[in-house]
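Analysis of the macromolecular model
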Amino acid sequence: MANKNQLLRYLIIDEMLRNRQRPYPSREEIMQTIEERTDRPYSLSSFEKDLRVMREQFGAPIEYHHERRGYFYGEKLKKSGKVLYEEDRTYRLAALSLSKQDLQSITLIEGLLEGFRHQPFFHAFSQAIDKVLDAVQISKQIPTRLDNRRLSFIQTDEPEFVKGRELLGELAAAIQNHRQVQFEYMKFKSEESSRRTLHPLLLKSFKNRWYLVGYEERKGRIATFGLDRVLPGSLRLLDAEALDAEKLQFDPEEYYRYCYGVTRNPEDKPKRVLLACTPLLGKYLETRPLHHTQRITEKNEVFWEIEYRLIINQELLYELLSMSPDVQVLKPKKLKRAVVETLEKTLSLYRL
């Protein structure tokens, strides 16, 4: 039976063989990565033994690609005297011994976790792995097989793929290991990309998109970047040490305490936002508050009055516009004016 360190090595190998950004890792790359993440020496004999155990006990279809000089999941086929390589992109390591009831529960929530199932988070959260391993036993294989089809009575609004999620593992590692990152970034309003170097501080999600928050030393500011706008293959983890949140006096909780969404100017101060809305919308917001500062100050049969303390940004504006015509901004004037101007521009598009 494998111990914790062995399973962690299997998970690292599994992650590297499934990484579409860096396919066909070499023996040297795998061994070096394992040594770095486990902080233990790792011999060639141990590497060969791990591959043998993964093949024999976990059914891992590990093969070596002679042309690409690296390992992959799949098989080698001989046709007409030629060696062909066929990848298997469906295999993933099944390392935990689970009961049939456990597997049914996991299958039940699989749809809810669709966006995270293939992300290489293992190495970035090694402490969490240890906690899981303390609670389960490792066996040769999962004893019970379930139909892989998703349960028909659960549907989610999560997209099948959100651009940029494949970067989460590397960015999480960069934050944890205090390493600067560099990438090519394409703004929505620009036709040319720009190279950015960042001290990464925080990964934040909002409305099915992931964002990287960090310190841009060249401009001396905290900046936010959408991972969907990072050009594929451009992310690099630099050897340069990154400033951490403590040195930069960056408190993620405080930074976003009065923010709806992800974008904000560090100099912006929260404002008192006062809304009047229909009782129907008020009841909806009562059960699902827009923000933790929400406070219902008045309610009657005609309208509800709701108060917030928020930084005014584009995400807040768009959210309020999505509630039209059931909501009216009473304060502040800046936000009210922005709503009016946007609605007037929208109306001009529909004038016959």
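Below, the structure is looked at part by part. Remember, predicted model here, so these are calculated numbers, not experimental data.

**Remarks on the pattern of salt bridges**
Scanning all chains against the criterion turns up 18 salt bridges. In this structure, Arg-27 engages Glu-28 in a salt bridge whose closest nitrogen and oxygen atoms are separated by 3.4 Å. Three or more residues are tied together by salt bridges with common partners; here these are Arg-20, Glu-87 and Arg-89.

**Looking at the nonpolar core**
Core analysis: the largest hydrophobic core is formed by 33 residues, its most contacted members being Tyr-308 and Leu-316. Secondary structure elements with two or more residues in this core: strand S5 (194-206), strand S6 (209-216), strand S9 (271-277), helix H8 (279-287), strand S11 (304-310), helix H9 (314-322), strand S12 (327-331) and helix H10 (333-348). Ranked by size, the runner-up nonpolar core spans 23 residues in total, among them Leu-8, Leu-17, Tyr-73 and Leu-93.

**Considering the pairing of S5**
Pairing geometry for strand S4 (residues 179-185) and S5, over five bridges, is antiparallel. The residue bridging Gln-182 from the neighbouring strand is Thr-197, located in S5. With seven bridges joining them, S5 and S6 adopt antiparallel strand pairing. Looking at S6, one finds that Leu-203 is bridged to Leu-212.

**A few points about unusual backbone geometry**
Cis geometry marks the peptide bond from Ser-324 to Pro-325, where omega comes out at 0 degrees. Among the structural elements, Pro-325 can be located in the loop between H9 and S12. A cis geometry characterises the amide bond from Lys-331 onward to Pro-332, with omega recorded as 0 degrees. Inspection of the secondary structure assignment puts Pro-332 in the loop between S12 and H10. Its identity as a non-glycine residue notwithstanding, Tyr-24 has a phi of 55 degrees, on the positive side. Assignment of secondary structure puts Tyr-24 in the loop between helix H1 (4-18) and helix H2 (27-38). Its identity as a non-glycine residue notwithstanding, Gln-249 has a phi of 55 degrees, on the positive side. By the element assignment, Gln-249 lies in the loop between strand S8 (236-241) and helix H7 (252-255).

About the criteria used
Residues numbered from 1 in each chain as written. Predicted model: local features only at pLDDT ≥ 70, side-chain atom pairs only at ≥ 80, totals over all residues. Heavy atoms only, no water. Salt bridge = Lys/Arg side-chain N within 4 Å of Asp/Glu carboxyl O. Core = buried A, V, L, I, M, F, W, Y, C linked by side-chain atoms within 4.5 Å. Buried < 20%, exposed > 50% of the residue type's maximum accessible area, 1.4 Å probe, protein only. Helix = DSSP H or I, 4+ residues; strand = E, 2+ residues; numbered from the N terminus. Pairing = 2+ DSSP bridges.

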